[in-house]
Structure formats: structure tokens, C-alpha cells
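The primary structure of each chain is shown beneath.
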Amino acid sequence: MTAHQDKPLFGTLLTAMVTPFKDDGSVDLAATEALAVRLVEQGCDGLVVGGTTGEYSTMTDDEHFAVFSTVRDAVGDRVALVAGAGSNDTQHTMHLSATAQKAGMDGLLIVTPYYNKPTQAGVVAHFETVADAVELPIMLYDIPGRTGIPLSVDTLLRLADHPKIVAVKDAKADLAAGMRVIAETDLLYYSGDDGLTLPWMSIGAVGLVGVTTHVDTPRFRRLIDAVNADNLQEALQIAHELEPVVRATMTHVPGAVAAKQILNWQSVLPNHRVRLPYVDATDAELAAIKAELESSVVADSLTF
């Protein structure tokens with residue numbers, strides 16, 4: 001095990017950063033830099049760069065390198081930087097991983113191969129092949145809602161034996177399966193569902209890789225710190241305060257779309273531009289998001 005529970009390798013509060021785009025659709029590196037600095041200053045001790053929320057699947061390899069490098073230069077070594085380097089192509093995953101290492105990333109977030117729907121044996125071979133080829137530690141990303149297949153308990157137990165595979169971002173909400181893996185391995189577990197941070201940490205997860213954390217970073221920092229201080233009542237109160245914010249960000253449109261829109265309302269981003277196949281929220285979706293935010297703890301930060 002390369003990190004202890006009190007100081008996990010990748011931190012405890014990681015935001016899966018959006019990738020800001022200019023009005024013409026090109027990557028906005030200045031806005032990317034400013035966002036990374038803001039997230040760190042407000043309480044993140046780790047960042048995921050170029051993950052699902054970063055719209056990595058619509059970006060070129062050159063754009064990935066530029067974003068990785070920009071964030072590295074912006075925050076230095078103050079926090080752990082984890083690069084989204086996954087793909088459904090094992091060779092391309094290794095290429096993106098090498099790009100991330102060249103840019104100075106500290107770790108890799110590698111998603112289960114999507115679309116291809118390999119067997120669990122194929123999944124194991126994919127991850128082990130990548131892990132054998134890279135120098136950086138790996139966080140597995142288990143999100144069957146997007147990939148079409150979950151990582152089984154047996155697969156996770158087997159992958160835990162690889163020295164480069166050190167963590168899991170769980171977005172399948174199977175706490176019973178996760179608790180078994182936490183109990184039987186040294187894998188560092190992270191909630192991949194913003195609204196399940198408290199339940200996950202109650203059974204041994206070390207923190208959160210979140211999207212709503214863009215919107216209220218300090219309150220998520222307090223939530224995680226309260227759990228680690230064994231202050232359940234405070235943690236529960238904060239989780240309840242965050243619930244409508246999580247709902248607004250994560251339930252009406254894809255997280256990247258909502259997060260960019262809300263960050264624009266908070267005057268953090270100059271626009272809310274996304275790339276196809278994402279599209280802007282409809283008027284009805286915007287109305288639903290606004291209704292939940294207007295009565296939430298972040299209402300005062302918004303200008304509609």
C-alpha cells in the first residue's frame with residue numbers, strides 16, 4: 001500500500017474538472033488555469049484532469065497534453081493531479097498514459113473499456129497491460145452506467161494484487177460489494193457519486209471524486225473533514241445541505257453540462273460551452289436546475 005488512510009495518495013477531495021472551452025469551441029487554457037487554482041484554494045487536495053466531466057472523449061491527444069501541462073503549471077505540487085487517460089482501446093490508453101506522465105501528472109484514472117463490452121477476463125487483461133506499461137499509479141474507474149459493464153468483486157480483488165493499481169473510483173453504488181473489496185484489499189476507495197460521499201466514507205472510502213465539488217468546494221471539504229474527525233452529526237448536516245446542490249448538478253443533464261452552466265452563473269467561467277454530442281440544457285432543464293439552486297446553500301453565489 002502506497003498511502004495511509006490519514007493521507008491517501010491522491011488526496012481526499014478531488015474535483016473531476018470540466019474543461020473550459022472558448023466561444024469558438026477551442027480549449028480555453030487561461031480559464032482552465034484559473035479554475036484549477038480556485039479549486040485548490042477552496043479546499044481540493046487533488047484534481048482529476050481530462051476525465052469524463054472534462055469531456056476527454058471529444059478532445060485530441062494534443063489538447064489533452066496542453067490541459068495536463070496547464071494544470072500542472074498552475075498548481076505546482078500543492079495537490080495530487082490524476083489524469084483521465086482511459087479509452088476502450090488498450091493501446092490508446094497506454095499512449096494517453098504516457099502523455100500524462102510527460103506532462104507531470106501524479107496518477108492515472110483509467111475507466112473500464114466501454115462499448116466493446118469485453119469479458120471480465122478481457123477487463124483484467126486491459127488493466128494489467130496498461131499497469132505493466134506505465135510508471136504512474138492507477139485509479140480504476142468503475143462506472144457501468146457509461147461503460148456497459150461493472151468491475152466484479154473477483155476482478156477487483158485480482159487487480160488489487162498489481163502494485164501500480166492502488167485505488168478505485170466507484171460510480172456503481174454497490175456499497176456491499178465495495179465494502180468487501182475495502183475489507184480484503186489495500187485499494188483506496190473513492191465515492192464516484194457526489195450524493196453518496198457520506199455512506200461510502202462510513203464504510204471505509206477515503207474521499208470523493210466529484211463534480212458538484214465545482215459548485216461548493218468548501219462545503220464538501222468540511223463534509224470530508226467532519227467524517228475524518230468522527231463528527232457524524234456535522235457530516236450529516238452538511239450532506240443534507242448539499243443534497244439539493246447535488247440534485248441540481250447531477251440529475252437533469254450530464255454533469256459537465258450542468259457544472260459549466262452553474263459555474264457560469266457563479267461568474268467562475270466566462271461561458272458554458274460544451275462539445276457535441278453534449279448540448280446546452282433546454283429551457284425546461286434550466287428551470288429545474290434553477291429551482292433547486294434558488295433554495296440551496298449556494299443561492300447567494302448565483303446570478304441568473
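Please read all numbers here as calculations on a predicted model, not as lab measurements.

**Looking at the UniProt feature "binding site: pyruvate" (unreviewed entry) in the chain**
Per the UniProt record, "binding site: pyruvate" (unreviewed entry) is annotated on T53 and V209. Despite a sequence span of 157 residues, these residues sit close together in the fold, their greatest C-alpha distance being 10.8 Å. As for the lining of the largest pocket, the annotated residues named previously contribute T53 and V209. Within the secondary structure, T53 is located in the loop between β2 (46-49) and α2 (61-75). The buried category is assigned to T53, whose relative accessible area is 10%. Not counting residues within four places of it along the chain, the set of residues in contact with T53 comprises A16, M17, V18, T19, V211, H214 and A256. Assignment of secondary structure puts V209 in strand β8 (residues 207-210). Non-local contacts of V209, meaning those with residues more than four positions away in its chain, are made with L14, A16, V48, M139, K169, Y190, S191, G192 and D194.

**What about the UniProt feature "site: Part of a proton relay during catalysis" (unreviewed entry) in the chain?**
According to UniProt, the positions carrying the feature "site: Part of a proton relay during catalysis" (unreviewed entry) are T52 and Y115. Among the residues just listed, T52 line the largest cavity. Turning to its location among the elements, T52 is positioned in the loop between β2 and α2. For T52, the residues in contact, after removing those within four places along its chain, are Y141 and R146. With respect to the element layout, Y115 can be found in the loop between β4 (107-111) and α4 (120-133). Apart from the residues lying within four places of it in its own chain, the contact partners of Y115 are N88 and T147.

The rules behind the values
- Numbering of residues starts from 1 in every chain and runs along the sequence as written.
- For this predicted model, a pLDDT threshold of at least 70 governs which residues receive local features, and a threshold of 80 or more governs which side-chain atom pairs are given and counted, while totals over whole chains, interfaces and linings are taken from all residues.
- Hydrogens are left out, water is left out, and the side-chain values use all remaining heavy atoms of the structure.
- UniProt positions are given in the numbering used here, feature names are shortened, and annotations may be inferred rather than shown by experiment.
- Method remark: on a 1 Å grid restricted to protein atoms, a set of points is classed as a cavity if a 1.4 Å probe fits but cannot get out and as a pocket if it is open with protein on both sides within 12 Å along at least five of seven lines; lining residues have an atom within 4 Å of a point.
- Put simply, DSSP H or I for four residues or longer makes a helix, DSSP E for two residues or longer makes a strand, and each gets a number counted from the N terminus.
- Buried residues are those whose accessible area, probed at 1.4 Å on protein chains only, stays under 20% of the maximum for their type, while exposed residues exceed 50% and partly exposed ones sit between those limits.
- By the convention used here, residues are in contact when the closest approach between their heavy atoms is within 4.5 Å.

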